Amino acid sequence: MTVRTAPEPVVVDELITETADRLFGELCTHEAVQAAEEAGGAPDIWDAFCETGFDLIAVPEEAGGSGGTLAEAIEVLRLVGYHSAPIPAAENGILGGWLLAEAGLERPDGLVTVVPPRAAAGDWSGASCSADGTVESGPAETVSGAAGGANCSAHIADDGTAQLRGSALRVPWARSAELIVCVCESDGQPAVIAVPASQCEITPLPNMAGEPRDTVSFDGATGVAAPVPDGVDAEALAQRGALSRVALMAGAIEKMCQLTVSYTNERVQFGRPVARFQAVQQHLVWAAQDAALVRMAAEVAAREATRGEASFEIAAAKLIANQAAARATKACHQAHGAMGMTQEYPLHHFSRRLWSWRKEYGSDAHWAGVLGTMATGVGADGLYPLITSGTSALG
Amino acid sequence: MRFTPTELTGPELDLQAEVREFLAAELPPGTHEPCLGMAADHDREFSAKMAARGWVGMALPSRWGGSDRTAVQRFIVVEEMLRWGAPVGHHWVADRQTGNVILKFGTDEQRERFLPPICRGELGFSIGMSEPDSGSDLASVTTRAERAGDGWVVNGTKIWTSNAHMNDWFICLLRTAPMEDGNKHAGLSQFLIDLRSPGLEISPIPFLDGSHHFNEVTFHDVFVPDANVVGQPGMGWHQNTTEMAYERGGPDRWLSPFSTVEQLLREAAGTQMEGAVSDLFGELAARWWGIRNLSLSVARLIDEGEAPSVESALVKEMGTRYEQEVVEKLVQLIDEEYSPESESLFERLLAQCVVTFPGNTIRGGTIEILRSVASKGLQGLPA
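Residues numbered from 1 in each chain as written. Chains lettered and ligands numbered in written order. Predicted model: local features only at pLDDT ≥ 70, side-chain atom pairs only at ≥ 80, totals over all residues. Heavy atoms only, no water.

**A few points about the overall build of chain B**
And step 1. The number of helices and strands found in chain B is 11 helices and 8 strands.
And step 2. Computed over C-alpha atoms, the radius of gyration of chain B comes to 21 Å, within 12% of the 21 Å expected from 2.2 N^0.38 for 383 residues, which places it in the range of a compact globule.
And step 3. Principal-axis analysis of the C-alpha atoms places the extent of chain B at approximately 70 × 45 × 45 Å.
And step 4. Within the span of chain B, comprising 383 residues, buried residues form 58% of the whole. (Helix = DSSP H or I, 4+ residues; strand = E, 2+ residues; numbered from the N terminus. Rg over C-alpha atoms; globule rule 2.2 N^0.38 Å. Buried < 20%, exposed > 50% of the residue type's maximum accessible area, 1.4 Å probe, protein only.)

**Some details on helix α2 (residues 30–39) of chain A**
All names here are of chain A.
And step 1. If you check which residues of α2 are buried, you get V33, Q34 and A36. Considered in projection along α2, the buried side chains sweep an arc of 160 degrees and stay on one side of the axis. Facing away from the buried side of α2 by more than 90 degrees, the exposed set consists of E31, E38 and A39.
And step 2. Residues of α2 that are buried make contact with α9 (347–359). (Arc of directions from axis to C-beta. Contact = heavy atoms within 4.5 Å.)

**Examining the nonpolar core**
And step 1. In terms of nonpolar packing, the biggest core is built from 192 residues, with F24 of chain A together with M81, F125 and W288 of chain B touching the most fellow members.
And step 2. Here the element with the most residues in this core is helix α6 (residues 234–266) of chain A; it accounts for 17 residues.
And step 3. Contact partners of M81 of chain B, with chain neighbours within four places excluded, come to V19, F22, L23, F46, M50, W55, A86 and V88 of chain B.
And step 4. Among the nonpolar cores identified, the runner-up in size contains 21 residues, and V115, A168, V195 and A197 of chain A belong to it. (Core = buried A, V, L, I, M, F, W, Y, C linked by side-chain atoms within 4.5 Å.)

**A few points about the confidence of the model for chain A**
And step 1. Confidence in the prediction for chain A averages 89 pLDDT; 91% of positions are at 70 or higher.
And step 2. Within the model, pLDDT remains below 50 along residues 120–149 of chain A, and this stretch shows 73 contacts once partners closer than five positions in the same chain are excluded. (pLDDT = per-residue confidence, 0-100.)

**Some points on a nonpolar patch on the surface**
Residue and element names in this part refer to chain B.
And step 1. There is a patch of nonpolar side chains on the surface, built from L208, V354 and V355 and spanning about 250 Å² of accessible area.
And step 2. With respect to the helices and strands, the residue V355 is situated in helix α10 (residues 345–356).
And step 3. Judged by its relative accessible area of 37%, V355 falls in the partly exposed class. (Patch = residues over 30% accessible without salt bridge, like charges linked within 9 Å, V, L, I, M, F, W, Y side chains within 5 Å. Areas by Shrake-Rupley, 256 points an atom, 1.4 Å probe, with all protein chains shown as cover. Salt bridge = Lys/Arg side-chain N within 4 Å of Asp/Glu carboxyl O.)

**A few points about the domain arrangement of chain B**
Residues and elements named next belong to chain B.
And step 1. Here chain B is partitioned into domain 1 (10–123), domain 2 (127–234) and domain 3 (248–378).
And step 2. Here the C-alpha centroids of domain 2 and domain 3 sit 31 Å apart.
And step 3. Carbon and sulfur atoms supply 70% of the area that domain 2 and domain 3 bury against each other, a total of about 310 Å² over both sides.
And step 4. Among the residues domain 2 hides against domain 3, the three largest losses belong to S136, L208 and D209. Together they make up 83% of the total.
And step 5. Here domain 2 and domain 3 share 0 salt bridges between them.
And step 6. For the interface between domain 2 and domain 3, the tally reads 0 residue pairs in polar contact (both at pLDDT 80 or more). (Domains from an automatic or database assignment. Buried area = accessible area lost by both parts, 1.4 Å probe. Polar contact = N/O pair within 3.5 Å; in protein donor to acceptor, adjacent residues only side chain to side chain.)

**So, the packing of aromatic side chains**
And step 1. Considering all chains together, one arrives at 18 aromatic pairs over all chains under this definition.
And step 2. With 5.2 Å between their ring centres and 70 degrees between their planes, F258 of chain B and W288 of chain B make a pair best called edge-to-face. Taken together, the positions of F258 of chain B in helix α7 (residues 258–268) and W288 of chain B in helix α8 (residues 275–303) put the pair 30 residues apart, joining distant regions of the chain.
And step 3. Judged by its relative accessible area of 0%, F258 of chain B falls in the buried class.
And step 4. Put simply, the rings of F24, W46, F49 and F54 of chain A pair up and form one aromatic cluster. (Phe/Tyr/Trp six-rings, centres within 6.5 Å; stacked < 30°, edge-to-face > 60°.)

**Some points on unusual backbone geometry**
Residue and element names in this part refer to chain B.
And step 1. Residue W160 is not a glycine yet carries a positive backbone phi of 60 degrees.
And step 2. Topologically, W160 is positioned in the loop between β3 (151–158) and β4 (169–175).
And step 3. Positive phi outside glycine occurs at N163, with the angle close to 60 degrees.
And step 4. Relative accessible area serves as the criterion here: at 13%, N163 is assigned to the buried category.

**Some words on the domain arrangement of chain A**
All names here are of chain A.
And step 1. Here the domain parsing of chain A yields domain 1 (14–87), domain 2 (114–227) and domain 3 (234–394).
And step 2. With 17 residues of domain 2 at the interface, the matching set in domain 3 holds 15 residues.
And step 3. Across the interface of domain 2 and domain 3, roughly 1300 Å² is buried in total on both sides, 62% from carbon and sulfur atoms.
And step 4. Where domain 2 packs against domain 3, one counts 2 salt bridges.
And step 5. Taking the shortest distance from any N to any O, the salt bridge between R213 and E360 comes out at 2.5 Å.
And step 6. Between the two partners, domain 2 and domain 3, sit 4 residue pairs in polar contact (both at pLDDT 80 or more).

**Re the state of the cysteines**
And step 1. Evaluated as defined, the whole model comprises 0 disulfides over all chains.
And step 2. Not part of a disulfide, C50 of chain A finds its nearest cysteine sulfur in C28 of chain A, a span of 13 Å. (Disulfide = S-S within 2.5 Å.)

**Describing the interface of chain B and chain A**
And step 1. The interface is formed by 58 residues belonging to chain B together with 54 residues belonging to chain A.
And step 2. Connecting chain B to chain A are 5 salt bridges.
And step 3. In this structure, E299 of chain A engages R2 of chain B in a salt bridge whose closest nitrogen and oxygen atoms are separated by 3.4 Å.
And step 4. At the level of elements, α1 (10–26), α3 (71–84), α7, α8, α9 (309–333) and α11 (367–378) of chain B are the ones that each hand at least two residues to the side of chain B that touches chain A.
And step 5. Broken down by element, the residue count for the side of chain B that touches chain A peaks at 16 residues, all from α8 of chain B.
And step 6. In terms of residue class, the side of chain B that touches chain A is built from 27 nonpolar, 13 polar and 18 charged. (Nonpolar A, V, L, I, M, F, W, Y, C, P; charged D, E, K, R; others polar.)

What follows is the structure in structure tokens.
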């Protein structure tokens, strides 16, 4: 009988959890998060975050990053979600920092953000320019900005100079960024384009939590394009982006659940804490289940992504997180009654972020489609091995 | 509350492969009618084959006939058996909980008497908790055992007793002292009772589809010797609560419809699958992956010496509701009308799921009771 070996464990240093938790706990008070929403950002919180080096965790040191594993970066993002820290940690680090490092492009001192790929018919990679994206001239490479619905295109010259036109929607924190990064396909090869934000026209737009998701017009902008290795493409960006959202959502659901347990123990009606009522207990239990489920999904997906290919785990985790966010948000709001509907009480910092993150980097329908292709592809005899072994069962 | 992610070790992966090979040889897909999870057929021969591999009572010490294996190793065997729809009914209760109770609270004489035959897959156990007037309020049971010489005389009635007509032994929660005001958990004791004892009457209660699982068991002056009292008289409630922790949170609480889903995929192979059907397979795979990771982490916690009762209750409450949701999603997608006697195996299984799965959120503690247990745990209160 063959003797199988388990993969090397993926361990997250406890010091990272403790440090990030303490930092955000001190900085991200209810008032500070509220103020960041009104101001469209929180430069002081961002600066304090950068001082820890957590902003570039999992970005290789030779590329100017802090080193560390993807799993450690995901743990920091979980705590960003748990404290509703109003900072673009994912965009600057495991998304933008990763793309620049893969492309060998220099990273600026300031903030980096990323144009999210937009799924078209469930396919992140087969995107071409949209109607607006026809490049005016020449046989040079014609590329889309991000995949799918991004209405931008670029003309890349032989020296790597990229002339852009069109626009990108819902780019996180673009208004505060120094560099805007997108992935594209150039002559059948994946490439990364980095554009100074100063070259773009940026129209502020908030998401449902009041966090910046701006419209970026690239018309007339000049950037730099660089080839990246195979596999660093819109689909890979979509997976990393989805993983980042799952981590944020895991933190937010857990905190929302803790707020709900505390509130229902303090709130007295009919002479006893409302948590004593079975109807309220149902909400507590369902929210706790979803908190546990999404945190588990985030941690297992991060573990597998740290080791390598994790297409099943990430897809499964994002679908689970999307569905759990819907259920848990409803349950926690219901248990809070009218208090949870006020700006004064912090529940909305989490519930509104969850509504936004749920829609980013892949809807329920998108990931169900991806997973459906995997599940039907392995067939009846492969279905349970897919559940137990994940991506490695895809062959 | 914390569910720590875990994964199978090399030797655990070997065990998983060994169980899959065993099942592929014993029950090749397409040659057997899969059972729906733990509501499985009773097949003493199959139980004996599993036992020969050391897979019954496997977490019990070898001193008592077990295999010194872990909760995670048992999890691996159980999940493969259930997802395959294997006939594990005969040894199910003894393997899942009764063996553990006897090991933990029993005397050496009881361990010697019961554990080796349990591990050989020989003994089938029924559970005597509910009574006609005591369901979720279990501590209100009134079936009583009274001292008589070197033993006890039992009178009263237990109800909803699964498979008493096929099993050998009955582990019962009985009242040995009158209920005191303010402490109804006192005065209860656990007994091992031979289901063929004189004065013990087993009457079928037909299940809603006409099948026979449920029974009413009536005691008319049934004598039970002192040697069959488990643990301390009066400590039955505590022991019973411990026993329930073994009952909850395992694969039996979330895998019941798996063989039905797998069969749909088998029957759909080669056909043009609608997008909604394909998406559903994807969603179900994802959700089973998530729940399995939670459930596996509970097994690992048990091996680390923890008593994850809140975690177990959360998983069971979620898992059993999920089982029903799976069936509802299948029903919504399938155009054909189906019958328990359809030609298609998938349709037969689905018909059975539809009719019997309302019981999944009731058996072994209703989800309402589980919510009460879990939410007290979330609030840091004693369950």
